[in-house]
Amino acid sequence: MAKAPILTPQAEDFPRWYQDVLAKAELADNGPVRGTMVIRPYGYGLWERMQSEMDARIKACGAENVYMPLFIPESYLRREAEHVEGFSPELAVVTHAGGKKLDEPVVVRPTSETVFGEFMAKWIQSYRDLPLLLNQWANVVRWELRPRMFLRTTEFLWQEGHTAHATRDDGAAYATRILLEAYQDFMVNVLAMPVLVGVKTRRERFAGAINTMACEAMMGDGKALQMGTSHELGQNFAKAFDIDFLDAGGQRQLCWTTSWGTSTRMLGGLIMCHGDDAGMRVPPRLAHVQVVVLLVRDEDGSGEAAQALVDRLVAAGVRARLDAHTSASFGRRATDWELKGVPVRIEVGPRDLKEGKVTLVRRDEDGKVAVGLDAVPAAVAAALLGVQDGLLAAATARRDNRTVSVGTIDEAAEAAQSGFARIRWSVLGEQGEEVLAAKAITVRCLQNPDGTIPAEIDDEVVAVVARAY
RNA sequence: CGGGGAGUAGCGCAGCCAGGUAGCGCACCUGCUUUGGGAGCAGGUGGUCGGGAGUUCGAAUCUCCCCUCCCCGACCA
């Protein structure tokens, strides 16, 4: 008798599939306040790995971590006109505290450009203080009208970097460096997501920025997800917060600032990029559980053998975990680990052990292979590399198969129903962008024909358009 | 805010029209048999039926008021 599928099949209802994965892989629950979420241990473990990998890359780019307060005076937001206009509709404002009405309302940070601006102004006096490269890991709140778990929640976790530079070129170079060396490198090499990089159109630009760059990924249903952004803020915030310095010639000058962020949204992107009808598929370099050793049944010393195998793998630097819950059936446990997307599973039972073997299964492929006990560490290492490459190759193939180059706006609208469309920006233009926006299609980024970030918007520049989350 | 639905066990739902003191599936607990692909059988735990008022001998069910949530449209990491 055919069993009902564990998850709603992707082809039947992709959003429903996504919700099913969140619940069945024990990633997150809805919080009690609309738009909030409770991140469960398995989901949070993935976020911690993301933090760890991203943090190392950010520090390699020279930035240091700080912590700024959750509460911001409302007046700060008002100092930068575009910024307040962009964010005021989604602010959470505290008007009462300590049992009385506050003289000045306090906003819960939606992002921290303003507080960083205020304090960078204090800390920067001389050109010798530049560049000032700061980052923080924090929660922020934006009162979203239509929340979606991980993708758009009222409160989310992120890192936000804020830097100040002596020249426009230096700021632009740093914003680009973060986008490429921290963000793109992490997304491609750890998350196995082949993100596109490019600049945003004026319509899609961050509130208060003079240039916004982004990493854009394609999800399993062909829609786009912005995975991270890096902004040149010009001198807008420097003007608003008096971030200035004395240059080598003793002249007072305004700084050029940047900001850049990636969030728990990446977790949603990871699920929708690699997941299949059996659940998540977590790339090994990210996975906090890279290998699960599944004890089939505890007989004839198989329990001890499984534990010894886990110990050997851990000693070899593999993030391995033992599943010895033999009170649950084999099939149930195998299914549960597949839902969680653990890259490699090793099945240990008396039948194979009798021949000195165990069974190895890759999450990204069908089929199992028998491996001699002594050969397990090498086989695991090879399998982990294989899954990492396999996931990136599959995501890249899908992105390329579902991206078409078109010559007209109508063709772009048609192509964006199932994937990405590439159209010359000189053909589309801001008017064409409005036409597509009416059909819920947006310009995800502008690129050079070879996929690099354009230094200037010339006739060669290509717009990548798609429906987006 | 505009339009459409729904609130009954942890989750998913039936019961409501034709009032009689709450039921099904999953989950959970106990026992036995199982365990190499979502176990089976038996027994069991768990609900002031979103809140309040009213009608009635009696309300999940009928009436009124309130609250909340979800889905579809305009913003966003």
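Residues numbered from 1 in each chain as written. Chains lettered and ligands numbered in written order. Predicted model: local features only at pLDDT ≥ 70, side-chain atom pairs only at ≥ 80, totals over all residues. Heavy atoms only, no water.

**Q** I'd like to hear about the layout of surface pockets, residue by residue, with values.
**A** To find the voids left in a structure, one rolls a probe of water-molecule size over its atoms. In this model, the largest pocket occupies a volume close to 1100 Å³. Lining the largest pocket are 40 residues, and of these Glu90, Arg142, Glu144, Gln226 and Arg265 lie nearest its centre. Of all elements in the fold, only helix H4 (81–87), strand S8 (155–165), strand S11 (224–232), strand S14 (256–263) and strand S22 (442–447) reach the threshold of two or more residues within the lining of the largest pocket. Here the lining of the largest pocket is composed, by residue class, of 12 nonpolar, 15 polar and 13 charged. For the second largest pocket, the calculated volume is near 370 Å³. (1 Å grid on protein atoms, 1.4 Å probe; cavity = no way out; pocket = protein on both sides within 12 Å on 5 of 7 lines; lining within 4 Å. Points joined across faces, edges and corners; volume = space filled by probe spheres on them. Helix = DSSP H or I, 4+ residues; strand = E, 2+ residues; numbered from the N terminus. Nonpolar A, V, L, I, M, F, W, Y, C, P; charged D, E, K, R; others polar.)

**Q** Provide a residue-level description of the pairing of strand S17 (residues 344–348), including the pertinent values.
**A** Within S17, five of the five residues are buried, which leaves the element mostly enclosed by the surrounding structure. Judged by which residues are buried, S17 turns out to be covered on both faces: Val344, Ile346 and Val348 on one side and Arg345 and Glu347 on the other are all buried. As paired elements, strand S15 (residues 291–295) and S17 share five bridges and run parallel to each other. Each bridged residue has a counterpart across the sheet, and for Leu294 the counterpart in S17 is Glu347. Bridge analysis of S17 against strand S18 (residues 357–362) gives four bridges, and the strand direction is antiparallel. Residue pairing in the sheet places Glu347 in a bridge with Thr359 of S18. (Buried < 20%, exposed > 50% of the residue type's maximum accessible area, 1.4 Å probe, protein only. Pairing = 2+ DSSP bridges.)

**Q** Which residues make up the sheet that holds strand S4 (residues 71–73), and what are the values?
**A** Spatial ordering of the open sheet is given by S4-S6-S5, a layout of three strands whose pairing is antiparallel. A strand with exactly one partner marks an edge of an open sheet, and here the two such strands are S4 and strand S5 (92–97). With strand direction ignored, the average angle separating the axes of adjacent strands in the sheet is 45°. Relative to strand S6 (residues 100–108), S5 is paired through five bridges, and the arrangement is antiparallel. When the sheet's bridge partners are listed, Ala97 is paired in S6 with Lys100. (Axes fitted to C-alpha atoms, helices over the stretch in contact; angles between N-to-C directions.)

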